[in-house]
Structures are given as C-alpha cells and as structure tokens.
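Chain and residue survey
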Amino acid sequence: MSTDLPFASVTDLARMIARKEVSPVEVVRLHLERIAAHDGTLRAYITVCADAALDAARTAEAALVAGRPAGPLHGVPIALKDLYDTAGVATTAGSKILADRVPEADATVVRRLREAGAIVLGKLHMVEFAYGPEGLNAHYGAPRNPWDAAVERMPGGSSSGSGVAVAAGLAPAALGSDTGGSIRIPASLCGITGLKPTYGRVSRAGVLPLAWSMDHVGPMTRTAADSALLLRVMAGYDPADASSSVLPVPDYLAALSGDVKGLRVGLLRGFFLESATPEVRAAVEHAAKALESAGAIVDEVALPAVAHVAAASYAVVASEALAYHTGWLKTRPDDYDPEVRKRLQLGAFVTGAHYVRGQQVRALVRDEIDAALARRDVLLAPATPMTAPRLDERQTTLGDGPSDVRAALIRLTRPFNCSGHPACAVPCGLSAQGLPIGMQLVGRPFDEATVLRAADAYQRVTDWHTRRPVLA
Amino acid sequence: MNEVFDIETLRGAARVSGFGWTAEELQTLRPAIEAALRLLATLDALPLGAVEPTTQYRIL
C-alpha cells in the first residue's frame, strides 16, 4: 500500500475506491492504525468508532463488488467534531455535562454524508461547547498541534480535533463548526483548508449550538477541491433548520476551472493586514502576488466598520450562549470548565439593548462587505494574525501591538460570522519556526463556487497545502 | 466607560437574570465583567439609530 495513502485527498480516495484500486476496508483500517499509533499524543479523537467503521467499510466493499456504489463519497472515511449528532454514538460537545448523551438520530449533514457513502471514523475533540478559539479543553485534555507536538502548541479551536486529525493524516476530512472562526482558526494553525459556508447554505439541524445566529457548519480538508466535494453533499435546503436556504446547490467541483484570469481580488488592508505579524503579512501579500501572476486583478480595500465587530460579536454570542446554557449554569455550574463557565456567566451582564446594537453593527458590517464585493469577486486576508501559540501562552504581540491570545486568534475571522459571508482558510506559508500560516478568501453570499475556485487555483500554483507535519 | 461596580450591584444584576451567584464568585468575575462592560459601551457610542438590526440573516 502506498505510503502516501494516509494523505491522499478525498477526491483521489473516492476515485481509487470507485476503480477498485483500493478497498474501503484497507483505507479505514489504515486510518484506524494511524489513530492507534498517534492519537495518544495528538488527542484528536474523543471517540473512535473502530468496529462500526470497519463494518461500514465491509458493507461498502460488498456494495461496490455488487455494482451498487452509494454516491460520490463511497467508502471514504471522515470524522466529525463531537457536536454533530450521531445515532447511537455519544455526542459530548467536549463537555462533562453531555458526556453520556447518545442521540437517537444523525444530524442532517451526517445523514447526507452517510447517504453519499462516507464512513464515520469517530468523533473529534473540541473546546467545551465550542466556546473558545485556542483549542483547549479541561475535561478531555488539549489536543496537540501536530506541527510542533514536542513543544505543545495550540491546535486552534473550537474545532481542534478536526484540524489535528486532518493535518496529521488521522482522517482524510472532517467536519467543524464556526461561530467566530472555529473552522478557519484550526485550519490556519494546523495548515489545512477549512470552509465556512454562507449562513443558511448548510443545515445546522442536529448540531449543538453555541450562538444560533452566528453558527455555521462546514468541511475541513487538505484541499479546496475536497471541500468542494463535501460541500456539494452537505449543502441544501433542510426543513429542520429554520435558517436553511432554498437556493439550489451548484456543482462546486465543476466550478474548479483553475482559471483566475480577470478574477477581482480585494486585499484587505487596515484592520486585517496591519494586525498580522510580519511573517504572516508577508505570506499573505505573497499569496496576493501569486494570484496576480495567475491572472487575477488585485487591489486593496479597507473595511472600517469591522473595528466594531469585537463588541457586536460579544454582545450577540454571549447573549445567545447564555440563553442556551442557563439551565445547566443553574443546576450544574461545577461541571463546566471554569474558563468556559466564566464566559457564559458574563452573558448575564449584556442587556437587550446591547444585543440589538450588536445586530445593528452586523447590518453595517454586512453592507460594507457587500459593497466591497460589488466591485470584486473575492476578498483576501490573513485567517489568523499569527501562527500557533504555545499551549500556555496568554499574551502575544501582533503587527499593531500587544494582544490577548484569545482575542488575537478570533480577530480576523469573526467579521464574516457577523456578516454571514462564505470564507475559506487556505495554507499560504510556513513561519521561520516551521509553523503553518493561513489566509482566508471571502466571497459573496452563496457564491462558495468562486471562493473555492480561487482557493483551488491558488493551490494549483503553490504547494503549501501539500506540506505535512513530521509526527513523532 | 470606566465605572467600577460594587458586588451588591453585580449581585442584583445577576439576580435579574435569574442567577444567585455569591459575592465570592462575583468578586472573581468582576474584572472580566468590567472589561466586558467597557467593550459594550463602545456600542453605545456608535450612531446606530437608523440602522435596521440584522434579524433574518439573508435567508433566500
């Protein structure tokens, strides 16, 4: 078996399985072996569904032999952030409170992925109830960033296990969720591709919430093409999600022409680029030049209203999170990680007027981004302003001065949770310390096709997405 | 806003939200509460009067 198979793309795996060049059982077994070998150190998984995954792989193999492939992901293993409901498998949200919660049904997107032939390897580590960007978890231990396991750096969160598993070859693809950057932050810190689709594009039914009006769910993969393939399966109207869009789902893979000639790219200066560390800024500027060399038309643009996003996002997320957690906060306060409990408690001091002002700022930010995208196809910015901090690091220095690590990690991603625009994090460099640097491409609402086309075209002319961490 | 809140004021605010947190808990929380309120006060300073708040999130 090829040594490259653990890092084969989903599109390649699906093709190889369909052609019977490799069997689903071999692929699943290979990943289970890698999980057994490395997850004791990396801690990407909370639950490994070894027996169920092997059973599903055998069924997939039999179906293939009988000429009855299930769909475009037939036999391809994936893993799920542990807030996606899975029938018969514990779904903990990384918490002690839900440690024994076993859903009776799959989340809508999990059902769709299984129907397309995907096999669930297991449930992935996350920040408790998705409330934090560092990737830490007091209950289950913090996952380790595979790029620097020896010195114990943050994987980023809240979809920490998703970032680690995909980067380390413990799953070909994973699902994450993103309320302030929780797909794009671990994607950036772990050197993978992570797509936050437009709000309403992918059903949230059966996915435990943090803040309903900010929550997005999406794929975390090693290539933009893989995100395109997964999004096609995941997206589409779902009557079980009140925010679900009825817009038809395009063929995202077919949109990946590799051609960005004439594509108008707005490089986000000011708040975005100036806050980045010098090496992150240089990498993103270099990425802009790479797109320009491929035929894109790059100009610079600023979004002044995003300066108010921190306050607006805080007012909205703290209020919605408190509303969801009020019962447990009263009856089981000691079962929360103290840091997460504190974040929830602070929501009690946000007034209704602050919540509405937060929503007003969201309207301003949305309109400003829409205006920038009226004359451009995508916007380009760093995904995180710095590379992965150490696990114990609480303060850092950005391009515009000192910052709390938590605030720094979430600073550049959450504007697009406030606005709902699609945004895709893509690796665009390595730091002097060998840590991944990530950028994000942002598009018009429901135009994930253009975002993914730009990301894929960038990956055709660069090789950052092919770099792998060396595991101990 | 740099207002400093005493524990009884915070206890009253928490009680309005339905939480009976102790003085000790609120003392621990107080720096974070005051930082959060300073952040929220920046929203009060914005000219948002005529802006329609986002409520439907552009569902199509």
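To be clear, the structure that these remarks concern was listed above.
Just so it is clear, the structure is predicted and the values come from calculations on it, not from any experiment. (Residues numbered from 1 in each chain as written. Chains lettered and ligands numbered in written order. Predicted model: local features only at pLDDT ≥ 70, side-chain atom pairs only at ≥ 80, totals over all residues. Heavy atoms only, no water.)

Focus on the side chain of Arg-204 of chain A
By the secondary structure assignment, Arg-204 of chain A is in the loop between β5 (193–196) and β6 (216–221). Engagement of the side chain of Arg-204 of chain A in a polar contact is seen with the side chain of Ser-243 of chain A, the distance being 2.7 Å. (Helix = DSSP H or I, 4+ residues; strand = E, 2+ residues; numbered from the N terminus. Polar contact = N/O pair within 3.5 Å; in protein donor to acceptor, adjacent residues only side chain to side chain.)

Some details on the packing of helix α2 (residues 24–42) of chain A against helix α3 (residues 50–65) of chain A
For any two helices packed against each other, the geometry comes down to the angle between their axes and how far apart the axes lie. Residue and element names in this part refer to chain A. Put simply, α2 and α3 touch, their axes get as near as 8 Å, and they point 160° apart. For the element pair α2 / α3, the angle class is roughly antiparallel. As α2 packs across α3, the resulting crossing turns out to be right-handed. Contacts from Pro-24, Val-25, Val-28, Arg-29 and Leu-32 in α2 reach Ala-50, Ala-53, Leu-54, Ala-57, Arg-58, Ala-60 and Glu-61 in α3. (Axes fitted to C-alpha atoms, helices over the stretch in contact; angles between N-to-C directions. Parallel < 35°, antiparallel > 145°, perpendicular 65-115°, else oblique. Left-handed = near helix turned anticlockwise from the far one by under 90°. Contact = heavy atoms within 4.5 Å.)

Remarks on unusual backbone geometry
Residues and elements named next belong to chain A. A cis amide bond links Gly-157 to the next residue, Ser-158, at an omega of 10°. For Ser-158, the position within the fold is in the loop between β3 (119–124) and α5 (160–167). One non-glycine residue, Ala-93, lies in positive phi territory at about 55°. Note that Ala-93 resides in the loop between β2 (77–81) and α4 (108–115). Phi angles above zero are rare outside glycine, and Phe-129 is one such case at about 55°. Topologically, Phe-129 is positioned in the loop between β3 and α5.

What to know about the layout of surface pockets
Residues and elements named next belong to chain A. Of the voids in this model, the largest pocket is the one considered here, and its volume is about 1200 Å³. What lines the largest pocket is a set of 48 residues, among which Arg-343, Asp-404, Arg-406, Ala-407 and Arg-414 lie closest to the centre. Looking at the lining of the largest pocket element by element, the count peaks at six residues for helix α9 (residues 309–331). A per-class count over the lining of the largest pocket returns 28 nonpolar, eight polar and 12 charged. (1 Å grid on protein atoms, 1.4 Å probe; cavity = no way out; pocket = protein on both sides within 12 Å on 5 of 7 lines; lining within 4 Å. Points joined across faces, edges and corners; volume = space filled by probe spheres on them. Nonpolar A, V, L, I, M, F, W, Y, C, P; charged D, E, K, R; others polar.)

Here we look at the packing of helix α10 (residues 338–346) of chain A against helix α2 (residues 23–44) of chain B
Interaxial distance between α10 of chain A and α2 of chain B falls to 11 Å at its minimum, and their mutual angle equals 70°. When the axis of α10 of chain A is compared with that of α2 of chain B, the two are roughly perpendicular. The residues of α2 of chain B that touch α10 of chain A, namely those facing Lys-342, Gln-345 and Leu-346 of chain A, are Glu-25, Leu-29, Ala-32 and Ile-33 of chain B. Across the contact of α10 of chain A with α2 of chain B, the residue classes break down as four nonpolar, one polar and two charged.

Brief notes about the pattern of salt bridges
Residue and element names in this part refer to chain A. Under the criterion given, the structure shown has 33 salt bridges over all chains. Of the charged contacts, one joins Arg-343 and Glu-339 as a salt bridge, the two residues approaching to 3.7 Å between their closest N and O atoms. Taken together, the residues Arg-343 and Glu-339, both in helix α10 and four residues apart, mark about one turn of the helix. Residue Arg-343 is classed as buried on the basis of its relative accessible area, which comes to 9%. (Salt bridge = Lys/Arg side-chain N within 4 Å of Asp/Glu carboxyl O. Buried < 20%, exposed > 50% of the residue type's maximum accessible area, 1.4 Å probe, protein only.)

Focus: the environment of Leu-195 of chain A
All names here are of chain A. Considering the arrangement of structural elements, one finds Leu-195 in strand β5. The spatial distance from the C-alpha of Leu-195 to the C-alpha of Thr-221 is 8.6 Å, given a sequence separation of 26 residues. Sequence-distant contacts of Leu-195, defined by excluding residues within four places in its chain, comprise Ile-183, Gly-218, Pro-219, Ser-227, Leu-231, Ala-423, Cys-424 and Leu-452.

Here's the deal with the sheet that holds strand β12 (residues 423–430) of chain A
Residues and elements named next belong to chain A. Strands sit in the order β1-β3-β2-β4-β6-β5-β12-β13-β9-β7-β8 across an open sheet of 11 strands; the sheet is mixed. Edge positions in the sheet fall to β1 (45–48) and β8 (297–301), since each has one partner strand and no second. Across this sheet, the average inter-strand angle for adjacent strands is 30°, counted without regard to direction. Examined bridge by bridge, β1 and β3 share three bridges and lie antiparallel to one another. Bridging from a neighbouring strand, Val-48 pairs with Gly-122 of β3. (Pairing = 2+ DSSP bridges.)

Side note on the environment of Leu-452 of chain A
All names here are of chain A. Mapped onto the fold, Leu-452 is located in helix α14 (residues 448–461). Of the residues examined, Leu-452 reaches a relative accessible area of 0% and is grouped as buried. When the C-alpha atoms of Leu-452 and Gly-258 are compared, they prove to be 10.0 Å apart, with 194 residues separating the residues in sequence. Excluding residues within four positions of it along the chain, Leu-452 makes contact with Leu-195, Ala-224, Ser-227, Ala-228, Leu-231, Tyr-252, Leu-256 and Cys-424.

Looking at α3 of chain A
Residue and element names in this part refer to chain A. Helix length check: α3 (16 residues) gives 23 Å between terminal C-alpha atoms against 22 Å at 1.5 Å per residue, within 8%. Burial in α3 covers these residues: Ala-53, Leu-54, Ala-57, Ala-60, Ala-63 and Leu-64. Those residues of α3 that are buried lie in contact with α1 (10–18), α2 and β3. Downstream of α3 by a residue or two, Gly-67 has a phi angle that is positive, lying close to 75°. (Expected span 1.5 Å × (residues − 1).)

Remarks on the interface of chain A and chain B
Frequently, the measure chosen for interface size is the accessible area that the parts lose on association. Of the residues lining the interface, 40 residues belong to chain A; the matching set on chain B comes to 30 residues. Its largest share of buried area at the contact with chain B, chain A owes to Gln-345, Phe-349 and Gln-360 of chain A, together 22% of the area lost on that side. At the junction of chain A and chain B, the tally comes to one salt bridge. Arg-357 of chain A is paired through a salt bridge with Asp-44 of chain B; the nearest N and O atoms lie 2.4 Å apart. The interface formed by chain A and chain B includes eight residue pairs in polar contact (both at pLDDT 80 or more). Contributions of two or more residues to the side of chain A that touches chain B are made by α9, α10 and α11 (352–374) of chain A. Top element by residues in the side of chain A that touches chain B is α11 of chain A. It accounts for 13 residues. Here the residues of the side of chain A that touches chain B sort into 21 nonpolar, 13 polar and six charged. (Buried area = accessible area lost by both parts, 1.4 Å probe.)

Honestly, it's all geometry; don't read function into it.
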